[in-house]
Amino acid sequence: MENKFAIVCDVTCDLNAELRAEYDIEYVPGTITFPDGTEEKSFLDWSECKTIPNCTSEAFYALLKKDPDAIKSSPANIEEFAEVFEKHVVAGEPVLAISISSALSGTYAFMCAAQKLVLEKHPDAKIAVIDSKRYAGGMGLLCIHASMLRKEGKPFEEVAEYIEENKIRFHQTGWLDDLFFVAKKGRMTNAKAFFGNLIGIKPIGELDHNGLTTVIGKVKGEKSAYKVCLDYMEAVGENLQDQIILIAQSNRPKQAAAYKQMIQERFSPKAIYICDVFPPTGINVGPGLMVAFYMGKPISKDLAEEKAMLAKLMQK
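Presented here is a report on the structure given in the accompanying data block. (Residues numbered from 1 in each chain as written. Predicted model: local features only at pLDDT ≥ 70, side-chain atom pairs only at ≥ 80, totals over all residues. Heavy atoms only, no water.)

**Topic: the overall build of the protein chain**
- Secondary structure summary: the protein chain contains twelve helices and 13 strands in total.
- Whereas a compact globule of 316 residues would reach a radius of gyration of roughly 20 Å, the protein chain reaches 19 Å, a difference of no more than 12%.
- Each principal axis of the C-alpha distribution contributes one length, and for the protein chain these read about 60 × 50 × 35 Å.
- In the protein chain, which comprises 316 residues, the share counted as buried stands at 54%.
- Of the contacts formed within the protein chain by residues at least 6 apart in sequence, a portion of 76% connects residues at least 24 apart. (Helix = DSSP H or I, 4+ residues; strand = E, 2+ residues; numbered from the N terminus. Rg over C-alpha atoms; globule rule 2.2 N^0.38 Å. Buried < 20%, exposed > 50% of the residue type's maximum accessible area, 1.4 Å probe, protein only. Contact = heavy atoms within 4.5 Å.)

Written out as structure tokens, the structure is:
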């Protein structure tokens, strides 16, 4: 029988309405500020955007690409997290709160401060706050795993402990192909960005222990990149046929659909979901992200093992 406790995450989880409903996951929105100064609550469904008429992923990323620094995002504040936590505590529900990596945002600290506020008023409350050390679909997948364990009837404490101990087993495999956007954000020279796009280089990224994406190899051409990514998934993944896999894409729907089909044909996982990268994450990632998140072997602290493995696969 399912043990009832709330799973609460921040808005960078990139789980759409269907997934949040299916797995009973709640998110706390922050704020988005658009180029004209308009502010609104951040969202995980394009239809909720009030500033861009008939907003779509394509429309948002077109606006973002014009000026990568013109759209700002901020997380929910301490009081907003505390309000959500307390709502569940008053209802008699423990709260499992999962945040984006603390290496990328101050959200984890805000959640911890909110936990302290609520415990001061409700000393017997059960609130666990976990720094996911992941972002976007990687954090969203952690929430989904917590939800599946909850449905199996696992106790709150056991689920929290499992997520904390296993978060470094959640991998990312794919690439970011819009190097011009990265250059505009000051992370690469324009010359390098131009060169990378011109010759079709696909930098393959993996998550480290802090939740930061590190390029562990560079593949030339989309066809070769898909093959290397699938081989890498097979090498580091565990029981992929039994897994739920999330594919995150920022304005790359065709590539994500092709990737999904390839993963399905090769591994036949339990389920594969394609998730848009929404503004709170997208303003930092930009257009061109196309990666799969899944569970596998523990990631080495310096990614040395993963880099060596990818290098070997690239030689095939």
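**Concerning the packing of helix H5 (residues 136-151) against helix H6 (residues 156-166)**
- Their axes nearest at 10 Å, the elements H5 and H6 cross at an angle of 150°. Classed by the angle they form, the pair H5 and H6 counts as roughly antiparallel. When you trace H5 past H6, the crossing you get is right-handed. Here Leu 142, His 145, Ala 146, Leu 149 and Arg 150 of H5 come into contact with H6, specifically with Val 159, Tyr 162 and Ile 163. (Axes fitted to C-alpha atoms, helices over the stretch in contact; angles between N-to-C directions. Parallel < 35°, antiparallel > 145°, perpendicular 65-115°, else oblique. Left-handed = near helix turned anticlockwise from the far one by under 90°.)

**Describing unusual backbone geometry**
- The phi angle at Asp 14 is positive, at roughly 60°, despite the residue not being glycine.
- Looking at Asp 14, the relative accessible area reads 2%, which means it is buried.
- The phi dihedral of Asn 54 falls on the positive side, at around 50°, and the residue is not glycine.
- Here Asn 54 falls in the exposed class, since its relative accessible area comes to 74%.

**Side note on the sheet that holds strand E8 (residues 170-176)**
- The sheet built from six strands is open, its strands ordered E10-E9-E8-E13-E11-E12 with mixed pairing. One side of each edge strand has no neighbouring strand; the edge strands of this open sheet are strand E10 (213-220) and strand E12 (271-276). On average, adjacent strands in this sheet sit at an angle of 20° to one another, irrespective of strand direction.
- Pairing between E8 and strand E9 (residues 201-207): two bridges, direction antiparallel. Residue Gly 174 lies in a different strand from E9, and its bridge partner there is Gly 205.
- Most of the contacts of H5 go to strand E11 (residues 244-249), to which it runs at about 155°, and overall it touches E8, E11 and strand E13 (289-295).
- Helix H12 (residues 304-314) rests against E9 and E10 of the sheet, and its axis sits at about 10° to E10. (Pairing = 2+ DSSP bridges.)

**Let's talk about the state of the cysteines**
- Taken as a whole and assessed by the stated rule, the structure comprises zero disulfides.
- Considering cysteine sulfurs only, Cys 275 is the nearest to Cys 229, which forms no disulfide, with 17 Å between them. (Disulfide = S-S within 2.5 Å.)

**Focus on the nonpolar core**
- The biggest cluster of nonpolar side chains holds 58 residues, and the ones touching the most others in it are Leu 15, Ile 25, Phe 60, Leu 96, Tyr 135, Leu 246 and Tyr 273.
- Among the elements that line this core, the one with the most residues is H5, at eight residues.
- Residues contacting Tyr 135, with those up to four places away along its chain left out, are Thr 12, Ile 100, Leu 104, Gln 172, Leu 207, Gly 211, Thr 213, Thr 281, Val 285, Leu 289 and Phe 293.
- One finds Val 219, Cys 229, Leu 230 and Leu 303 within the second-largest nonpolar core, a separate group that totals 27 residues. (Core = buried A, V, L, I, M, F, W, Y, C linked by side-chain atoms within 4.5 Å.)

**With respect to the packing of aromatic side chains**
- A complete count under the given rule lists ten aromatic pairs for this structure.
- Taking the centre distance of 5.8 Å and the plane angle of 40° together, the rings of Trp 46 and Phe 60 count as tilted. Of this pair, Trp 46 sits in the loop between strand E4 (39-41) and helix H2 (57-66) while Phe 60 sits in helix H2; the two residues are 14 residues apart in sequence, bridging distant segments of the chain. Here Trp 46 matches Phe 60 in class, with each residue buried. (Phe/Tyr/Trp six-rings, centres within 6.5 Å; stacked < 30°, edge-to-face > 60°.)

**Regarding the pairing of E12**
- Two strands pair when backbone bridges link them, and E11 and E12 are joined in this way by six bridges, in the parallel orientation. Bridging from a neighbouring strand, Ile 244 pairs with Ala 271 of E12.
- Taken together, E11, helix H10 (residues 253-267) and E12 form a β-α-β motif whose crossover is right-handed. (Right-handed = clockwise from strand over helix to strand, strands pointing away.)

**So, the packing of helix H9 (residues 222-236) against H10**
- The N-to-C vectors of H9 and H10 enclose an angle of 40°; their axes lie 11 Å apart at closest approach. With respect to H10, the element H9 is oriented oblique. Between H9 and H10 lies a crossing whose hand is right-handed. On H10, the residues that touch Glu 222, Tyr 226, Cys 229, Leu 230, Asp 231, Met 233 and Glu 234 of H9 are Gln 255, Ala 258, Tyr 259, Met 262, Ile 263, Arg 266 and Phe 267.

**A few points about the side chain of Arg 150**
- Residue placement: Arg 150 occurs in helix H5.
- At 2.9 Å, the side chain of Arg 150 and the backbone oxygen of Tyr 23 are in polar contact. (Polar contact = N/O pair within 3.5 Å; in protein donor to acceptor, adjacent residues only side chain to side chain.)

**Comments concerning the sheet that holds strand E2 (residues 26-28)**
- Strands sit in the order E2-E1-E6-E7 across an open sheet of four strands; the sheet is parallel. Bordering the open sheet on either side are E2 and strand E7 (127-131), each of which pairs with just one other strand. Across the sheet, the mean angle from the axis of one strand to that of its neighbour is 25°, orientation sign disregarded.
- Inspection of the sheet shows strand E1 (residues 6-10) paired to E2 by three bridges, in the parallel sense. The partner of Cys 9 across the bridge, within E2, is Tyr 27.
- Across the sheet, helix H3 (residues 78-90) touches E1, E2, strand E6 (95-99) and E7, and the angle it forms with E2 is around 150°.

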